[in-house]
Amino acid sequence: MKLRLKLLLAVVLLFGLSTGIATALEGPELVLRGAKVYPSPTASPVENAVVLLENGQIAGVGRQGELKIPKQAKVIDCTGKVIVAGFWNSHVHFENGWHGATQAPAEQLEAHMQEMLTRWGFTTVWDLGSLPSNTLALRKRIESGEVPGPQILMAGDIFPLNGHPVYLPPEMQLPEAASPEQAEQMSKGYLKMGLDGIKLFTGAFMGNKPVVNMDTAIVKAAADVAHADGKPVFAHPQNHTGTDNALAGGVDVLAHTIPNERSFTDDELSRMKRQHTALIPTLTLWTTVVNDPAITDKLVDAGVSELKTYFSEGGTILFGTDVGFVTKYDTSQEYDFMGRAMAWRDILASLTTNPSTLFKQPTKGRVEKGMNADLVVLNADPANDPRNFSKVAYTIRAGKILYPAPK
Ligand SMILES: [Zn+2]
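Procedures and definitions
- Residues numbered from 1 in each chain as written.
- Predicted model: local features only at pLDDT ≥ 70, side-chain atom pairs only at ≥ 80, totals over all residues.
- Heavy atoms only, no water.
- Helix = DSSP H or I, 4+ residues; strand = E, 2+ residues; numbered from the N terminus.
- Polar contact = N/O pair within 3.5 Å; in protein donor to acceptor, adjacent residues only side chain to side chain.
- Contact = heavy atoms within 4.5 Å.
- Buried < 20%, exposed > 50% of the residue type's maximum accessible area, 1.4 Å probe, protein only.
- Axes fitted to C-alpha atoms, helices over the stretch in contact; angles between N-to-C directions.
- Parallel < 35°, antiparallel > 145°, perpendicular 65-115°, else oblique.
- Left-handed = near helix turned anticlockwise from the far one by under 90°.
- Nonpolar A, V, L, I, M, F, W, Y, C, P; charged D, E, K, R; others polar.

## Regarding the side chain of Asn-89
Okay, step 1: Relative to the helices and strands, Asn-89 resides in strand E6 (residues 87–92).
Okay, step 2: Of the polar contacts made by the side chain of Asn-89, one reaches the side chain of Thr-321; its length is 2.8 Å.
Okay, step 3: Beyond its immediate chain neighbours, meaning those up to four positions away, Asn-89 contacts Phe-122, Thr-124, Val-125, Trp-126, Phe-319, Gly-320, Thr-321 and Val-323.

Quick look at the structure:
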């Protein structure tokens, strides 16, 4: 009797243990069933698909019936929905409402993260300038698993001398580089801090006063430091001179269009093309800078036209909204504006494959076996209307659902 009980206990323990291990290490954690999958911006869709997610990666993509759905997996019915790779927002800030990230309760940060980013499908974001210590604290809490959120990459800002933009609070301490040597030191300091890139205000907006531009020698000094370390350099161009100095100094990404100038010059376009400079249009931003609706329309039209020109000449476009500086979180207007210049598949590339390639994260950007399990499940097909990129049902990063919050 005693022996039997012992045996029984041993069997229960063994069985319990082995199934526990199997679920943790072997079984697919999540299965998305029934959606239409766009594996990449260029691939044909897979209808009525099954996507298996396991250990933070995509373990398989196929039609229903082609892939076996393991019994222990959690299955989400995605019938009628569309699956694309997780989105990049290559221009955000953890600025407005984000201070105190070290002490803020995790639930508060998660809620804000959902409201601003994850409910719009973003699984990777570039912070192009905030308080570095605050963003680094936030990133640490995300990567430890405490706060569900996107991967955060961050660039450190450098301003030209006496180039404190009018829209930033005057008491804010901004690093202004007066010489190439200072710019070099600042760049080195940012990279030492653990930042992933540099952002240069090659044109600083001064309101009624003329734009303050950064000299090309200063741009180049800062950019060379970043490039020596394999890191990208962004520029806030503001005007033609800011664009030209950015290009002459070897900047990789223009963080905005320049709608005040109405269009890029032919020289700028050919240089951007030759140097493979990427462009972030931030078209919605131009609806927030002036109160006059007629001027707003003109700015948006000019931004759309600059995007269209560069895109049609083969330029690389990255999706980005400047959210966190602006408080308009809804992305549908940006897709609407971009849709005036590009087809929906090209917008998908700006959200997925273009940034993954440019920022050297080859395991992101496509819904294929072996890629990171970073996915967006959409309620409607962006092929019918690019605004459908904003109709997010689920945002998944590394196989974990970031949005909506699990119940
Ligand atoms: Zn910005």
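## What about helix H6 (residues 240–248)?
Okay, step 1: Of all the positions in H6, only His-240, Gly-242, Thr-243, Asn-245, Ala-246 and Leu-247 are classed as buried.
Okay, step 2: At its buried positions, H6 is contacted by strand E11 (203–204), strand E12 (212–213), helix H5 (216–228), strand E13 (233–235), strand E14 (253–254) and helix H7 (266–274).
Okay, step 3: The backbone nitrogen of Thr-241 has a side-chain oxygen 3.4 Å away, supplied by the residue at the start of H6, namely Asn-239.
Okay, step 4: Positive phi shows up at Gly-250, right after H6, with a value of about 90°.

## Things to note about the environment of Leu-285
Okay, step 1: Among the structural elements, Leu-285 can be located in the loop between strand E15 (278–279) and helix H8 (293–312).
Okay, step 2: Residue classification places Leu-285 among the buried positions, given a relative accessible area of 5%.
Okay, step 3: Sequence-wise, Leu-285 and Leu-299 are 14 residues apart; in three dimensions their C-alpha atoms are separated by 9.7 Å.
Okay, step 4: Setting aside chain neighbours within four positions, we find Leu-285 in contact with His-256, Asp-322, Phe-325 and Val-326.

## Topic: the packing of helix H4 (residues 180–193) against H5
Okay, step 1: At their nearest, the axes of H4 and H5 sit 8 Å apart, and the two run at 30° to each other. On the basis of their axis angle, the class for H4 and H5 is roughly parallel. For the element pair H4 and H5, the recorded crossing hand is right-handed. In this structure, H4 contributes Pro-180, Ala-183, Glu-184, Ser-187, Lys-188 and Leu-191 to the contact, and H5 contributes Ala-217, Ile-218, Ala-221, Ala-222, Val-225 and Ala-226.
Okay, step 2: Looking at the contact of H4 with H5 residue by residue, the class counts come to 9 nonpolar, 1 polar and 2 charged.

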